[in-house]
Amino acid sequence: MVTREKVTWPGAKIRKKDEGMPNFENNLNHGDLIITFDVIFPKGQLSPETSNAIKSLFPEEVKLKVYNGL
């Protein structure tokens, strides 16, 4: 799982240490996984119905989740 506390803009990158491809010579070592976000923003103004539908998808209360890589 990937979480961000900032606004995610198009082209934003996150580096996940030791979660990438295994090393060719030693499969126990892994490289970094680099995730690039491709964000598409709507063009123009959203209708009130669309805006309310999007708001209903996200809960008001934000719970922080900790990912330990296991």
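Structure shown above.
Keep in mind the model is a prediction, meaning the values are calculated, not measured.

Enquirer: Tell me about the overall build of the protein chain, residues and numbers included.
Expert: Within the protein chain, the secondary structure is distributed over one helix and two strands. Each helix and strand of the protein chain, ordered N terminal to C terminal, gives the series β-β-α. Sorting the 70 residues of the protein chain into buried and exposed places 6% on the buried side. Residue pairs at least 24 apart in sequence account for 38% of intrachain contacts in the protein chain once pairs closer than 6 positions are excluded.

Enquirer: Outline the pattern of salt bridges, supporting the account with residue identities and numerical values.
Expert: Tallying each qualifying case throughout the model produces one salt bridge. When the shortest N-O distance is used, the salt bridge between aspartate 32 and arginine 15 registers 3.3 Å. Remark: arginine 15 occurs in strand β1 (residues 13-16) and aspartate 32 occurs in the loop between β1 and β2 (33-36); sequence separation between them is 17 residues. Since its relative accessible area comes to 57%, arginine 15 is described here as exposed.

Cut-offs used in this document
- Residues numbered from 1 in each chain as written.
- Predicted model: local features only at pLDDT ≥ 70, side-chain atom pairs only at ≥ 80, totals over all residues.
- Heavy atoms only, no water.
- Helix = DSSP H or I, 4+ residues; strand = E, 2+ residues; numbered from the N terminus.
- Buried < 20%, exposed > 50% of the residue type's maximum accessible area, 1.4 Å probe, protein only.
- Contact = heavy atoms within 4.5 Å.
- Salt bridge = Lys/Arg side-chain N within 4 Å of Asp/Glu carboxyl O.

It is worth stressing that arrangement in space is one thing and function is another; only the former is reported here.
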